[in-house]
Amino acid sequence: MAKKRDENTEKQILEAAKTIFQFKGMDGARMQEIANLAGINKAMLHYYFRSKQLLFEAVFNQAFSTLAPQLNMVLNDESSIEEKVKNFTSNYISFIIKHPYLPNFIIQELNRNPDFIKKIQENSALLNIEKFKKQVILEIKQGYLRPIKGEQLFINILALNIFPFVAKPLIKAFIDENDQGFKKLMEQRKTEVSDFIINAIKK
């Protein structure tokens with residue numbers, strides 16, 4: 001029972017920290033505020049995480065490690081590039097609709113602390129695009145795709161999928177939509193983005 005209570009307390013702390021970091025960022029967050037939201041005292045919070053930086057890194061790693069394995073599986077399976085584009089887009093958008101804090105969460109930390117990329121690079125769940133790049137070269141040679149570097153194609157996929165969530169307030173203002181309308185628009189982008197990219201690269 002003690003172990004279960006410990007696991008539950010840590011989960012409460014990480015959920016509370018995720019919420020605070022999402023809205024206030026690393027610099028604006030306060031440990032007392034996180035402790036209050038988690039329903040514990042500050043001493044208990046420090047027992048689990050000695051500093052705000054360690055807590056932030058735990059939240060970041062938890063968030064990143066939930067998405068990366070899904071996308072890695074898509075990039076490294078045996079499907080065609082066309083199917084990879086469709087599946088990557090669908091998986092990413094579905095995940096971010098459920099975890100809307102993640103894109104800004106990552107970008108804010110990378111902007112705040114550029115060295116933090118080293119911690120991502122050390123993460124075993126980091127995306128590996130080597131097979132993807134080789135497959136792009138192969139499908140170009142086979143006449144399926146127009147000439148394009150695998151890295152450029154991957155950046156295009158990322159950009160078209162990530163930007164709407166990072167710029168959500170701006171996009172909602174431009175198109176005069178509420179949260180529900182934005183969510184519906186993002187569901188439609190699963191098809192719109194993949195079709196746009198496929199039409200651009202297929203011969």
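Within each chain, residues carry numbers counting from 1 in the order of the written sequence. Whole-chain, interface and lining totals are the exception, using all residues; otherwise, since this is a predicted model, local features are given only for residues with pLDDT of at least 70 and side-chain atom pairs are given and counted only at 80 or more. Think of the side-chain values as coming from all heavy atoms in the structure, minus any hydrogens and water.

J.: For this particular structure, what's the right way to read the domain arrangement of the chain?
T.: Interface size is commonly expressed as the accessible area that is lost once the parts come together. You can read the domains of the chain as domain 1 (1-50) and domain 2 (56-201). Centre-to-centre, using C-alpha coordinates, domain 1 lies 29 Å away from domain 2. Contact criterion: two residues are considered in contact whenever any of their non-hydrogen atoms come within 4.5 Å of each other. Facing nine residues of domain 1, the contacting portion of domain 2 comprises nine residues. Summed over both partners, buried area is the accessible surface (1.4 Å probe) that two parts give up on being assembled. Summed over both sides, the interface between domain 1 and domain 2 buries roughly 930 Å², with carbon and sulfur atoms accounting for 72% of that surface. Counting the surface domain 1 buries against domain 2, the share from its top three residues, Lys18, Phe21 and Met26, is 52%. The salt bridge criterion pairs a side-chain nitrogen of Lys or Arg with a carboxyl oxygen of Asp or Glu, the two atoms within 4 Å. Counting the contacts that link domain 1 with domain 2 gives zero salt bridges. Amino acids outside the nonpolar list (Ala, Val, Leu, Ile, Met, Phe, Trp, Tyr, Cys, Pro) and the charged list (Asp, Glu, Lys, Arg) are all regarded as polar, and Gly is one of them. Taken together, the residues that form the side of domain 1 that touches domain 2 break down as five nonpolar, two polar and two charged. The domain limits used here are those given by an automatic or database domain assignment.

J.: For this particular structure, what's the right way to read the environment of Lys141?
T.: Numbering goes from the N terminus for both helices and strands, where a helix is a DSSP run of H or I of at least four residues and a strand is a run of E of at least two. Looking at the element boundaries, Lys141 is found in helix H8 (residues 130-141). Sequence separation of Lys141 and Pro164 is 23 residues, and the distance between their C-alpha atoms is 33 Å.

J.: Would you mind going over the nonpolar core with me for this structure?
T.: The nonpolar side chains of soluble globular proteins are, as a tendency, buried together. Side-chain atoms within 4.5 Å link the members of a nonpolar core, which is a set of buried Ala, Val, Leu, Ile, Met, Phe, Trp, Tyr and Cys residues. Accessible area is worked out with a 1.4 Å probe on protein chains only. A residue is then buried under 20% of its type maximum, exposed over 50%, and partly exposed in between. By size, the foremost hydrophobic cluster in this structure holds 55 residues, and its most contacted members are Phe21, Leu55 and Phe132. The greatest single-element share of this core, amounting to eleven residues, is contributed by helix H4 (residues 52-75). For this core, the domains that each give at least three residues are domain 1 (1-50) and domain 2 (56-201). Here Leu55 is in contact with Ile13, Leu14, Ala17, Phe21, Met31, Ile34, Leu45 and Phe49, once residues within four sequence places are set aside.

J.: Sorry if this is basic, but what is going on with unusual backbone geometry here?
T.: Most peptide bonds are trans, and most residues other than glycine sit at a negative phi. Phi angles above zero are rare outside glycine, and Asp176 is one such case at about 55°. Looking at the secondary structure, you find Asp176 in the loop between helix H10 (168-175) and helix H11 (179-201).

J.: Whenever I open this one, the pattern of salt bridges confuses me. Can you help?
T.: Pairing between side chains becomes possible if they bear opposite charge and their charged atoms approach one another. For the coordinates displayed, the defined rule picks out twelve salt bridges. Glu33 serves as the salt-bridge partner of Lys24, at 2.5 Å between the closest nitrogen and oxygen. With a closest N to O distance of 2.9 Å, Glu187 and Lys190 form a salt bridge. Taken together, the positions of Glu187 and Lys190, both in helix H11 and three residues apart, correspond to about one turn of that helix. Glu187 gets classed as partly exposed once you look at its relative accessible area, which sits at 36%. Taken together, the salt bridges that share partners define one network made up of Glu82, Glu83, Lys86 and Lys202.

J.: Sorry if this is basic, but what is going on with the packing of helix H5 (residues 81-98) against H11 here?
T.: When two helices pack together, their arrangement is given by the angle between the helix axes and the distance between those axes. Where helices are involved, their axes are fitted lines through C-alpha atoms of the stretch in contact, as for all axes, and angles between N-to-C directions lie from 0 to 180°. Between H5 and H11, the shortest axis-to-axis distance is 9 Å and the interhelical angle comes to 160°. Comparing their axes, H11 and H5 come out roughly antiparallel. Here the hand of the crossing between H5 and H11 comes out right-handed. Contacts between H5 and H11 involve Ile81, Glu82, Val85, Lys86, Thr89, Ser90, Ile93, Ser94 and Ile97 on the former and, on the latter, Lys183, Met186, Glu187, Arg189, Lys190, Val193, Ser194, Ile197, Ile198 and Ile201. Of the residues contributing to the contact of H5 with H11, the split by class is nine nonpolar, four polar and six charged. For classification, angles of less than 35 degrees are called roughly parallel, those exceeding 145 degrees roughly antiparallel, those between 65 and 115 degrees roughly perpendicular, and all remaining angles oblique. Left-handed describes a crossing in which the near helix is turned anticlockwise from the far one by less than a right angle; the clockwise case is right-handed.

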